[in-house]
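Summary of the model geometry
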Amino acid sequence: MIDISHSPILTATFRNAAEMPDKTAVITTDGKEISYSTLQRNILRCANWLYQHGISSGDRIMISAEKDVKFIYLYLAAHLIGAVNVVADAEDNASRLKHLADIAKPAICIGIESADRRSYLYSEINLSDELEADGQIPTYQEGNAERISPDTPADIMFTSGTTGIPKGVVLTHANIAGGARNINSFIGNTAEDVELLCLPVSHSFGLGRLRCSLLAGATIVMHDGFANLKSVFNAFEKFRVSGFGMVPAAWAYIRRFSGDFIARYAPQLKYIEIGSSALPHEEKQLLCELFPTTRICMHYGLTEASRAAFMELHEDKEHLDSVGKSVNGKVDIRILGKDGREATRGEMGEICIKGDIVTPGYLDSAQNKEAFVGDYFRSGDVGYIDEVGYLYLTDRIKEIINVGGKKVSPIEIEEEVRKISGAESVCIAAPDPDGILGEVPCLFILKDSLRMDLEELKVGLMKRLENYKLPRFFKIVDSLPLSSNGKKKRRADINLN
């Protein structure tokens, strides 16, 4: 008998396989339909595969999160045996992946080629003849069962730290299940839903949508992204899509290249979830006009505390400048001052979060020292709660740049500039002139410190940084923007002219 009581997501998935075996769980990017019974069978096969390759409870698996159905099988198989997924972005360059692997120390890498660790590409994982699964798995869980509980780590997801050092966010089975339950409850997801997943599954938002679909017994349609809007709209029609998630940058892209065309699907769209960065007030109003009967849900949260607050644009039309209210009574959001005192209503302070969605801490325990106030996670965002309970975001303590929902550390960019050219620099967030990504990196370089041509520096950065991290603007200056005590000023209020 398989014990999956530690994982509510797996429990729901296997229950769906028993109660509606022929129901489509996943539609792959090439249109193949995977039923819940097939999904369960291949999770078991992948659990066998992992076991045969020496993986057991507590081991870490660095897995490239791709829109390959084998990712779903292996991701859930790791949960089944109590292994921990170190979720990697398929777009990360080789040097960053190696750096993350050095931090996480995985037993194996999947979907990633590694010179110093055992690695397997998805194409090398055979789930056919030799990997039979009849609903049972080997007894390797015995002796480990007491070590696997809802509070056992399930995933490690890396975020960009303010110091430039990536932070490995530990998420337990209880964390990811609590988040999925909270989201489904607020949005109203059911087994009748068909969701188009254009978001990357390497980030909290997209991976969370996948878990929500499995928990509800719905159908998830994997799609490569929003770049090909004709393909997106064709999928809406072909699969009778009832909902999808997007970041504000995707909405700006849709509006720019297709106008209001998407509104023709408003009658079939039951819900839209929006998150990862701010959306202008006027765009929220426009969404309400284009989708008058669609439940348009916008969330606020972090990888460390996913979807802490929600708002529904129609219901909260008088509070569109807020980020909503706590998703439910299990998530407590408080505003705390520098002295740890709880702020009064309307008083600004740091947004701190407590609840079943909050990480127990970072992989590097040293990074936890300043991350919590008691049981409350410090978001690094400044805001206030008004008299009727709505949360307003007014500023940020952390200097992370939000590029279309992807978080970029300015210190990482400054360090790469120093390594390549020896130059001193300051990187800040600047408004995206195209109005799509929200923010883009802008780099100030100290004139006398640059020991190479600017074009050479740009080429060097292209070799060392992912595309979304590359500075959009380069400015050679006689002096760097520094505070009165000599610290670099990385705030967006710096004059860009």
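Structure first, text after, so check above.
Residues numbered from 1 in each chain as written. Predicted model: local features only at pLDDT ≥ 70, side-chain atom pairs only at ≥ 80, totals over all residues. Heavy atoms only, no water.

**What about the pairing of strand β7 (residues 153–159)?**
Note the cut-off: Burial classification: accessible surface area is computed with a 1.4 Å probe over protein chains only, and a residue below 20% of its type maximum counts as buried, one above 50% as exposed, and the rest as partly exposed. The numbering of helices and of strands both runs from the N terminus, where a helix is a DSSP run of H or I of at least 4 residues and a strand a run of E of at least 2. The pairing criterion for strands is at least two bridges between them, as found by DSSP.
For β7, a buried count of six out of seven residues is recorded, marking the element as mostly surrounded by other parts of the structure. In the sheet, strand β4 (residues 84–89) pairs with β7 via three bridges, with the strands oriented parallel. Bridge pairing in β7 links Val 87 to Met 157. Sheet topology places β7 next to strand β8 (residues 167–172); six bridges connect them, and they run antiparallel. Note that in β8 the partner of Asp 155 across the bridge is Leu 171.

**Some words on the sheet that holds strand β1 (residues 24–27)**
Put simply, the rule is: Any two residues whose heavy atoms approach within 4.5 Å are treated as being in contact. Convention adopted: a line fitted to C-alpha atoms gives each axis, helices being fitted over their contacting stretch, and angles between N-to-C directions are expressed from 0 to 180 degrees.
Spatial ordering of the open sheet is given by β2-β1-β10-β9-β11-β12-β13-β14-β15, a layout of nine strands whose pairing is mixed. Each having just a single partner strand, β2 (33–35) and β15 (325–326) make up the two edges of the open sheet. Pairing of strand β11 (residues 243–246) with strand β12 (residues 271–274) involves four bridges; the strand directions are parallel. When the sheet's bridge partners are listed, Met 246 is paired in β12 with Ile 274. Strands β11, β12 and β13 (295–302) of the sheet are contacted by helix α8 (residues 248–258), whose axis makes an angle of about 105° with β11.

**Brief notes about helix α3 (residues 69–81)**
Along an α-helix, residues three or four positions apart point the same way, because every turn accommodates 3.6 residues. So the rule is basically this: Helices are assigned an expected span. That span is 1.5 Å times one less than the residue count. Think of a polar contact as two N or O atoms within 3.5 Å of one another; within protein, one of them needs to be a possible hydrogen donor and the other a possible acceptor, and neighboring residues in sequence only count if both atoms come from side chains.
With 13 residues, α3 should reach 18 Å at 1.5 Å per residue; the first-to-last C-alpha distance of 19 Å fits that figure. With respect to burial, α3 is a largely interior element, twelve of its 13 residues being buried. Regarding α3, the residues found buried are Val 69, Phe 71, Ile 72, Tyr 73, Leu 74, Tyr 75, Leu 76, Ala 77, Ala 78, His 79, Leu 80 and Ile 81. Two to three positions downstream of the cap, the backbone nitrogen of Lys 70 sits 2.8 Å from a side-chain oxygen, assigning the N-cap of α3 to Asp 68.

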